[in-house]
Amino acid sequence: MTLKLASDYRCAVEMTVNIAGGKWKPLIVHYLLSGTKRFGELGRLIGGVTQRSLTLQLRELESTGIVTRKVFAEVPPRVEYTLTPLGHSLAPTLEAMKVWGEMYIAQMPQKSL
């Protein structure tokens with residue numbers, strides 16, 4: 001992801017979606033809100049994400065200052081991901097998305113078998 005300048009965005013919502021939106025980034029941040037996670041642990045928690053997609057999304061979150069990556073010099077190498085203070089500041093946004101999702105699910109018609 002190429003970092004844009006603030007002036008490249010038409011509005012703050014566009015910037016937020018660019019930095020923290022998409023299919024996997026909100027889930028990555030959601031799971032990291034509870035603490036540091038290893039790469040494989042994130043993959044298992046999220047489910048359905050390919051290793052390549054998870055790697056790319058984590059790199060983008062790292063490049064924008066949302067996540068930090070720590071590599072341990074071990075064999076096999078161990079890599080841990082942690083939210084930065086900026087990443088933690090997304091918590092209210094994700095909580096609002098969760099509440100909205102719960103409300104939407106509750107009003108959806110239930111499938112009858």
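Just so we're clear, the structure is a prediction, and the values are computed from it rather than from any experiment. (Residues numbered from 1 in each chain as written. Predicted model: local features only at pLDDT ≥ 70, side-chain atom pairs only at ≥ 80, totals over all residues. Heavy atoms only, no water.)

1. Digging into the overall build of the protein chain
Then, number 1: Scanning the protein chain for helices and strands turns up six helices and three strands.
Then, number 2: Here the C-alpha coordinates of the protein chain stretch approximately 55 × 45 × 25 Å along the principal axes.
Then, number 3: Residues classed as buried in the protein chain amount to 28% of the 113 residues present.
Then, number 4: If you sum the accessible surface of the protein chain, you get close to 7,900 Å²; carbon and sulfur atoms cover 60% of it.
Then, number 5: Distance between charge centroids for the protein chain: 5 Å, based on 14 positive and 9 negative side chains. (Helix = DSSP H or I, 4+ residues; strand = E, 2+ residues; numbered from the N terminus. Buried < 20%, exposed > 50% of the residue type's maximum accessible area, 1.4 Å probe, protein only. Areas by Shrake-Rupley, 256 points an atom, 1.4 Å probe, with all protein chains shown as cover. Lys, Arg positive; Asp, Glu negative; His and termini not counted. Charge placed at Lys NZ, Arg CZ, Asp CG, Glu CD.)

2. Focus: the pairing of strand 3 (residues 78–83)
Then, number 1: Within strand 3, five of the six residues are buried, leaving the element largely enclosed by the surrounding structure.
Then, number 2: In this sheet, strand 3 lies alongside strand 1 (residues 37–38) in antiparallel orientation, the contact comprising two bridges. Looking at the pairing, K37 lines up with Y81 of strand 3.
Then, number 3: Here strand 2 (residues 67–72) pairs with strand 3 via six bridges, running antiparallel. Bridge pairing in strand 3 links V67 to L83. (Pairing = 2+ DSSP bridges.)

3. Comments concerning the pattern of salt bridges
Then, number 1: Scanning the entire structure with this criterion turns up four salt bridges.
Then, number 2: A salt bridge links R78 to E74, with the shortest nitrogen-to-oxygen separation between them at 3.0 Å.
Then, number 3: R78 is the partner of E80 in a salt bridge, and the nearest nitrogen-oxygen pair spans 2.9 Å.
Then, number 4: One salt-bridge network, held together by shared partners, links E74, R78 and E80. (Salt bridge = Lys/Arg side-chain N within 4 Å of Asp/Glu carboxyl O.)

4. What to know about the confidence of the model for the protein chain
Detail in the predicted coordinates should be disregarded across regions flagged by low pLDDT.
Then, number 1: With 96% of its residues at a pLDDT of 70 or more, the protein chain shows a mean pLDDT of 91.
Then, number 2: Mean pLDDT values over the elements of the protein chain span from 87, in helix 1 (residues 12–20), up to 98, in helix 5 (residues 85–88). (pLDDT = per-residue confidence, 0-100.)

5. Topic: the environment of M97
Then, number 1: Position of M97 relative to the elements: it lies in helix 6 (residues 91–107).
Then, number 2: Taking the relative accessible area as the measure of exposure, M97 reaches 47% and is therefore partly exposed.
Then, number 3: In this structure the C-alpha to C-alpha distance between M97 and I46, which are 51 residues apart in sequence, comes to 17 Å.

6. Thoughts on the packing of aromatic side chains
Then, number 1: Summed over the entire model, instances satisfying the criterion amount to one aromatic pair.
Then, number 2: Judged by centre distance (5.2 Å) and plane angle (15°), the rings of W100 and Y104 are stacked. Placement of the pair is W100 and Y104 together in helix 6, with a separation of four residues, close to one helical turn.
Then, number 3: W100 gets classed as exposed once you look at its relative accessible area, which sits at 52%.
Then, number 4: Judged by relative accessible area, which is 39%, Y104 ranks as partly exposed. (Phe/Tyr/Trp six-rings, centres within 6.5 Å; stacked < 30°, edge-to-face > 60°.)

7. Topic: the sheet that holds strand 3
Then, number 1: Read across the open sheet, the three strands follow the order 1-3-2; overall the sheet is antiparallel. Looking at strand neighbours, the two that pair on one side only are strand 1 and strand 2, the edges of this open sheet.
Then, number 2: Each of strand 1, strand 2 and strand 3 is contacted by helix 2 (residues 25–32), which is oriented at about 90° to strand 3, the strand it contacts most. (Contact = heavy atoms within 4.5 Å. Axes fitted to C-alpha atoms, helices over the stretch in contact; angles between N-to-C directions.)

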